[in-house]
Amino acid sequence: IIINSLIDDSSTILVQQPETHLHPRLQAEVGSIITKSINLKNKKNYRRMLRIGMGIEKNWIIETHSETLLFRLLKEIRKGNLDKDDLNVLYIDHDKKNGSSIKKMIISEKGELISQWPNGFFSTDIDEIFD
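Residues numbered from 1 in each chain as written. Predicted model: local features only at pLDDT ≥ 70, side-chain atom pairs only at ≥ 80, totals over all residues. Heavy atoms only, no water.

**Concerning helix H3 (residues 67-78)**
Then, in step 1: Over its 12 residues, H3 extends 16 Å from the first C-alpha to the last, a length consistent with the 16 Å expected when each residue adds 1.5 Å.
Then, in step 2: Residues of H3 that are buried: Glu 67, Leu 69, Leu 70, Arg 72, Leu 73, Leu 74, Glu 76 and Ile 77.
Then, in step 3: A positive phi of about 85 degrees marks Gly 80, the residue just after H3. (Helix = DSSP H or I, 4+ residues; strand = E, 2+ residues; numbered from the N terminus. Expected span 1.5 Å × (residues − 1). Buried < 20%, exposed > 50% of the residue type's maximum accessible area, 1.4 Å probe, protein only.)

**Quick notes on the pattern of salt bridges**
Then, in step 1: Within the structure shown, the criterion is met by three salt bridges.
Then, in step 2: Residue Glu 29 is joined to Arg 72 by a salt bridge in which the shortest nitrogen-to-oxygen separation is 3.1 Å. Here Arg 72 lies in helix H3 and Glu 29 lies in helix H2 (residues 24-52), a separation of 43 residues in the sequence.
Then, in step 3: Here Glu 29 falls in the partly exposed class, since its relative accessible area comes to 32%.
Then, in step 4: When the shortest N-O distance is used, the salt bridge between Asp 93 and Lys 103 registers 3.1 Å. Note that Asp 93 is positioned in strand S3 (residues 89-95) and Lys 103 in strand S4 (residues 99-105), a separation of 10 residues in sequence. (Salt bridge = Lys/Arg side-chain N within 4 Å of Asp/Glu carboxyl O.)

**Quick word on the nonpolar core**
Then, in step 1: Ranked by size, the top nonpolar core spans 18 residues in total, and within it Trp 60, Leu 74, Ile 77, Leu 82, Leu 87, Val 89 and Ile 107 carry the most contacts.
Then, in step 2: For Leu 87, the residues in contact, after removing those within four places along its chain, are Leu 73, Leu 74, Ile 77, Leu 82 and Ile 107. (Core = buried A, V, L, I, M, F, W, Y, C linked by side-chain atoms within 4.5 Å. Contact = heavy atoms within 4.5 Å.)

**A word on the environment of Met 105**
Then, in step 1: Along the chain, the position of Met 105 falls in strand S4.
Then, in step 2: By relative accessible area, which is 4% here, Met 105 ends up buried.
Then, in step 3: A sequence separation of 14 residues divides Met 105 from Tyr 91, and the C-alpha atoms of the two residues are 7.1 Å apart.
Then, in step 4: Once residues lying within four places of it in the same chain are set aside, the contact partners of Met 105 are Val 89, Tyr 91, Ser 115 and Trp 117.

Right under this line is the structure:
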């Protein structure tokens, strides 16, 4: 993840469960590393795009179960380090009747979750504390 965030020739990076074997604090840092790589890549490419008329965007596709990572990305939006349009959160839901469906979660300009999240999402911590 760190190497791909720094090199210039990676345009799309696929990562499956970057939170595996990481302390929650480090899971959050993965979100900051990704944010910095998007900003760094865009700044580096701006001059090149002007010179040759095109550029390579750094895109991350991340499959995660980490609420901590998602919360950090939302925080980066609130801090102005990430544009809300640069983050798409897709949730795959399963219904016994209709099968699986993909839902795009809505995020506000302020980095807040707007969509009604499916049952069980973000609730386990509260259930564990207050149950």
